[in-house]
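Each chain is listed here by its residues.
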Amino acid sequence: MKENELEYYSKVANWDFSEIKYEEEYLTDWEYFDQIKKNTNEKSLCLDIGTGGGEKVLKKYPNVRMLIATDFSKEMVYTAKENAKKYPEKNVKFGVMDNLKMTFPGELFDLVSARHTVIDAKQIYNCLTKGGVLVIEGVDQKDCWELKKLFRKGQGYKDKKALSEKDYEDLLNAGFSKVEKVKIKINEYYKTEEDLMALLLKVPILDDFSEIEDSFEEHLKSIDQDIFEEYVKKFKTEKGILLERVLYGIVARK
Ligand SMILES: C[S@@+](CC[C@H](N)C(=O)[O-])C[C@H]1O[C@@H](n2cnc3c(N)ncnc32)[C@H](O)[C@@H]1O
């Protein structure tokens, strides 16, 4: 477990972006919750790892028999349990667990989902039933590339091998029989500079956890205002300030 990453997420303690005003334009047609829906039914037992404050799963997970949703930050899990009170009809239980030290018995879950979080391919393989499915959405190295190029840093900026490639190979090596990977492109338009800055202050787009040595407070000060202004000037459009998101989606079957 990376302690600085745990500290970061525990201080943020939610993954709620409802205050930030932006619009999304999907340029590809792969959607994470559609893939989960396609591969589950009302009898499925599912696991969502690195679930954050449960904001996404509570709103978007399809109807299944039971969803277990975990995060390594107990603050995130506290928020998720609070959020769950607004969704009494959902069959979901939240609990603390490290994705890299999973503690479930083998062959338990029909589907495991992981959105924008770290995975261990072998551990997921072990806890899936035969024929069970893993659905991943991850952040590609080329995500927000123009922004990272200007700042000369950011999530995965210096990686020799993109995370999407590593995940793909790890899944095949873990024994998954069928692994499909797709590229997801989304244009996000932020209404104002303040909205874009609020995003950058909250998410680790411009930080690579392996590079953060400073405290969380230092991270908040680490966004150079002049470079930020340069980006805004260059990417201001009629729809808002453009941020080009590049993600990857994987569906893997045991
Ligand atoms: C970018 S957020 C994504 C949250 C949620 N999946 C979503 O899509 O809204 C990443 C989450 O993964 C969690 N996380 C990171 N490393 C983890 C680990 N080793 N084990 C469990 N959770 C982890 C963080 O605490 C955080 O809540």
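Residues numbered from 1 in each chain as written. Predicted model: local features only at pLDDT ≥ 70, side-chain atom pairs only at ≥ 80, totals over all residues.

1. A word on the site of the ligand
(1) Moving on: Every one of the 20 residues lining the ligand counts as a neighbour, but Tyr9, Gly50, Gly52, Phe72 and Asn99 are closest to it.
(2) Moving on: Only α1 (3–12) and α3 (55–60) provide two or more residues apiece to the shell around the ligand.
(3) Moving on: Residues belonging to the shell around the ligand are distributed by class as follows: seven nonpolar, seven polar and six charged. (Near = placed C-beta within 6 Å. Helix = DSSP H or I, 4+ residues; strand = E, 2+ residues; numbered from the N terminus. Nonpolar A, V, L, I, M, F, W, Y, C, P; charged D, E, K, R; others polar.)

2. Description of the pairing of strand β2 (residues 45–49)
(1) Moving on: Counting buried residues in β2 gives four out of five residues, a clear majority hidden from the surface.
(2) Moving on: Note: β2 against strand β3 (residues 66–71), five bridges, orientation parallel. In the sheet register, Ile49 faces β3, and the bridge partner there is Thr70.
(3) Moving on: Once you follow β2 into α3 and on to β3, the crossover reads as right-handed.
(4) Moving on: Pairing between β2 and strand β5 (residues 109–115): four bridges, direction parallel. Within β5, the position partnered with Leu47 by the bridge is Val112. (Buried ≥ 20, exposed ≤ 12 C-beta atoms within 10 Å, placed from the backbone. Pairing = 2+ DSSP bridges. Right-handed = clockwise from strand over helix to strand, strands pointing away.)

3. Describing the environment of Val232
(1) Moving on: By the secondary structure assignment, Val232 is in helix α10 (residues 225–235).
(2) Moving on: In this structure the C-alpha to C-alpha distance between Val232 and Ser44, which are 188 residues apart in sequence, comes to 45 Å.
(3) Moving on: Non-local contacts of Val232, meaning those with residues more than four positions away in its chain, are made with Glu193 and Ile241. (Contact = placed C-beta atoms within 7 Å.)

4. Description of the nonpolar core
(1) Moving on: By size, the foremost hydrophobic cluster in this structure holds 41 residues, and its most contacted members are Leu67, Val112 and Leu134.
(2) Moving on: Counting residues per element, this core draws most heavily on strand β6 (residues 128–139), at six residues.
(3) Moving on: With 12 residues, the next largest nonpolar core counts Tyr189, Tyr190, Leu206 and Ile241 among its residues. (Core = buried A, V, L, I, M, F, W, Y, C linked by C-beta atoms within 7 Å.)

5. Describing the environment of Val92
(1) Moving on: For Val92, the position within the fold is in strand β4 (residues 92–96).
(2) Moving on: Under the C-beta neighbour-count criterion, Val92 is labelled buried, with 22 such atoms within 10 Å.
(3) Moving on: Expressed as a C-alpha distance, the spacing of Val92 and Gly54, which sit 38 residues apart in the sequence, is 9.7 Å.

6. With respect to the pairing of β5
(1) Moving on: The element β5 is extensively covered by neighbouring structure, given that six of its seven residues are classed as buried.
(2) Moving on: Two strands pair when backbone bridges link them, and β5 and β6 are joined in this way by six bridges, in the parallel orientation. Bridging across to β6, Leu111 finds its partner in Val133.
(3) Moving on: Of the crossover connections in this fold, the one passing from β5 over helix α5 (residues 121–127) to the parallel β6 is right-handed.

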